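If you want the building blocks of each chain, they are given just below.
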Amino acid sequence: MELEPCPVSAGVSAGQARRKGHMSMNQQNRMAITTLISGILAASFLALLIGWSVFDIISDIKRAAVLKARNHEVTSALNKLQINLTNAEKSERGYVVGSEVSATPYLAAVEEVRWTTDLIHALVSNDSSQRSNAARLEKLVESKLGTLQFVVEAREASSIQAAQLLMSVEQDKLETDRIKDVLSEMESHENTVLNKALRIRDGAFDKLWWVLAALTFMLFAGAIWQYLRVRKIVQYAAKSEAAIRHLANHDVLTELPNRRLLLERLDTHIDHAHSNAQSLAVMFMDLDGFKKVNDTIGHDAGDELLKCVAQRLKSTIRASDTVARIGGDEFIVVVPKLYGADTAAQIATTLVDAVSRPYCIKGRSIKVSTSIGISFYPKHGVSSGELLERADQALNQAKASGKNRYRFAS
Ligand SMILES: Nc1nc2c(ncn2[C@@H]2O[C@H](COP(=O)(O)OP(=O)(O)OP(=O)(O)O)[C@@H](O)[C@H]2O)c(=O)[nH]1
């Protein structure tokens, strides 16, 4: 190993490069949890909104229905009162000036009038302005009934002529007109109530459409948002899986294939070579004097050197060859589809030369060399284990005979 000063160059660590563009497991979990919680919160908010809106709409529709039904009953009772009053007047006339000999129809009509007046009272009891109208109406009706009763009693006490003399068309008309005024006032108030009921009902239906529109929009927006979040999580999970798979098959320091991936590839190459009657070479490399680098300029510098050696080996071999780091300062190169030992010798020479060129580590120029042991399929073995073992033995011979060289397995 030789050490000389050299210009420093900045670089990106393998760890940094590996982490770039990836989300940590914690971040993914946090994202999944926030997506789940936000989904639950949004669904709860929607459920509350729907519940509250539906309750409000149903209340309005019910209120409108109650108002309408009451309005219908009041209007019918007002009409009925008018008819019953006319009947009472007619039956009084029939008894006093007509052919009616009994007061019974008159009495029945009067009872109907009173019953209808009581009904109106009961129906408008919740409406203060209608309540005072109903009280006024009751007084006028009682006054009208009093006038009719006065004439009927005169007929019963003396004679038809005497009773007829007491009858006054003007008085009857005046009382009837007053009653009609109150009735029409009450009817117009009921029209207002009906309009209010219709407005409430229409408003409830408008609200229903708005709620449905808002709900549809929120459901769509929520679904799209959730879909995008879940898609992001799935993409990150796929990236993480790929990163984990990469970690399982590659050396963390140099990013070269590790022993596991090397054996997998070597087995595949052996199968292929067997099927096509081809040969392949396994080159077992070990740096010479690497321990000294660690001991003199530190373990970090040793790491840097290993990364530089890995880069150099990668750029020296063909794309179809494999270079792997199997531990420490040991590398394996697999050369498939080999046409002869000469080619292997040429490749090994290139590798020895490439490794022995100086490296610039921590501002120093460092020189190391490598020794290589080479075995061939099928000459030295037909399994990856046999080929690696024979290459290792050849490597030991290369070391023993002076290092910085290659040796074929014997
Ligand atoms: N910096 C660094 N050193 C390592 C790593 N893995 C193993 N080593 C060291 O690499 C050295 C390899 O030992 P050897 O191959 O026996 O030492 P050497 O000096 O190369 O000896 P020869 O192969 O006989 O030339 C040991 O000192 C290990 O501690 C690593 O990942 N980083």
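Residues numbered from 1 in each chain as written. Predicted model: local features only at pLDDT ≥ 70, side-chain atom pairs only at ≥ 80, totals over all residues. Heavy atoms only, no water.

## Description of the pairing of strand S7 (residues 369-377)
Summarising burial for S7: nine of the nine residues are buried, a large majority. Side-chain alternation along S7 places Ser369, Ser371, Gly373, Ser375 and Tyr377 on one buried face and Thr370, Ile372, Ile374 and Phe376 on a second face that is also buried. Note that S7 and strand S8 (residues 406-408) share three bridges and pair parallel. Counterpart to Ile374 in the pairing with S8 is Phe408. Each parallel crossover has a hand, and the one from S7 via helix H11 (residues 384-400) to S8 is left-handed. (Buried < 20%, exposed > 50% of the residue type's maximum accessible area, 1.4 Å probe, protein only. Helix = DSSP H or I, 4+ residues; strand = E, 2+ residues; numbered from the N terminus. Pairing = 2+ DSSP bridges. Right-handed = clockwise from strand over helix to strand, strands pointing away.)

## Section: the packing of aromatic side chains
Taken as a whole, this structure holds two aromatic pairs when the rule is applied. Both rings, one in Phe376 and one in Phe408, keep their centres 5.4 Å apart while their planes meet at 45 degrees; by these two values the pair is tilted. Taken together, the positions of Phe376 in strand S7 and Phe408 in strand S8 put the pair 32 residues apart, joining distant regions of the chain. Relative accessible area serves as the criterion here: at 8%, Phe376 is assigned to the buried category. (Phe/Tyr/Trp six-rings, centres within 6.5 Å; stacked < 30°, edge-to-face > 60°.)

## Side note on the environment of His274
Relative to the helices and strands, His274 resides in helix H7 (residues 259-275). Residues His274 and Tyr377 lie 103 residues apart in sequence; the distance between their C-alpha atoms is 8.9 Å. Separated by 3.4 Å, the side chains of His274 and Tyr377 make a polar contact. (Polar contact = N/O pair within 3.5 Å; in protein donor to acceptor, adjacent residues only side chain to side chain.)

## So, the site of the ligand
Lining the immediate surroundings of the ligand are 16 residues, of which Asp286, Gly289, Asn294, Asp303 and Lys399 lie closest. At a separation of 2.8 Å, an oxygen atom of the ligand approaches a polar side-chain atom of Asp286. Side-chain polar atom of Lys403 to an oxygen atom of the ligand: 3.0 Å apart, as the coordinates give it. Protein burial of the ligand: of its 660 Å² of free accessible surface, 65% is covered by the chains. Contributing elements (two or more residues each) for the shell around the ligand: strand S2 (279-288), helix H8 (290-297) and helix H9 (299-316). (Near = heavy atom within 4 Å. Areas by Shrake-Rupley, 256 points an atom, 1.4 Å probe, with all protein chains shown as cover.)

## A closer look at the state of the cysteines
Applying the stated criterion across every chain, the model contains zero disulfides. Not part of a disulfide, Cys308 finds its nearest cysteine sulfur in Cys360, a span of 8.5 Å. The exposure class of Cys308 is partly exposed, given its relative accessible area of 26%. (Disulfide = S-S within 2.5 Å.)

## Considering unusual backbone geometry
In this chain, Tyr377 is followed by Pro378 through a cis amide linkage whose omega measures 0 degrees. Relative to the helices and strands, Pro378 resides in the loop between S7 and H11. Phi at Lys337 is positive, roughly 45 degrees, even though this residue is not glycine. In this fold, Lys337 is placed in strand S4 (residues 330-338). Of note, the phi angle at Lys403 is positive, near 65 degrees, even though the residue is not glycine. Relative to the helices and strands, Lys403 is located in the loop between H11 and S8. A relative accessible area of 35% places Lys403 in the partly exposed class.

## Side note on the UniProt feature "transmembrane region" (unreviewed entry) in the chain
What UniProt calls "transmembrane region" (unreviewed entry) maps, in this numbering, to residues 31-55 and 208-228. The distance separating the terminal C-alpha atoms of residues 31-55 is 35 Å; by composition the span is 100% helix and 0% strand. (UniProt positions renumbered as here; feature names shortened; annotations may be inferred.)

## Regarding the side chain of Thr35
With respect to the helices and strands, the residue Thr35 is situated in helix H2 (residues 25-96). Take Thr35: its relative accessible area is 4%, and that puts it in the buried class. Apart from the residues lying within four places of it in its own chain, the contact partners of Thr35 are Gln226, Arg229, Val230 and Ile233. (Contact = heavy atoms within 4.5 Å.)

## Structural notes on the pairing of S2
Counting buried positions along S2 gives nine out of ten residues, so the element sits mostly inside the fold. Inspection of the sheet shows S2 paired to S4 by seven bridges, in the antiparallel sense. Pairing of Ala281 across the sheet is with Val335, part of S4.

## As for the pattern of salt bridges
Evaluation of the coordinates by the stated rule reveals 17 salt bridges. Residue Asp56 pairs with Lys207 through a salt bridge whose shortest N-O separation is 2.6 Å. Within this pair, whereas Asp56 is found in helix H2, its partner Lys207 is found in helix H6 (residues 169-249), the two being separated by 151 residues in sequence. Judged by relative accessible area, Lys207 falls into the partly exposed class, the value being 32%. The salt bridge involving Glu190 is made with Arg70; its shortest N-O contact spans 3.2 Å. (Salt bridge = Lys/Arg side-chain N within 4 Å of Asp/Glu carboxyl O.)

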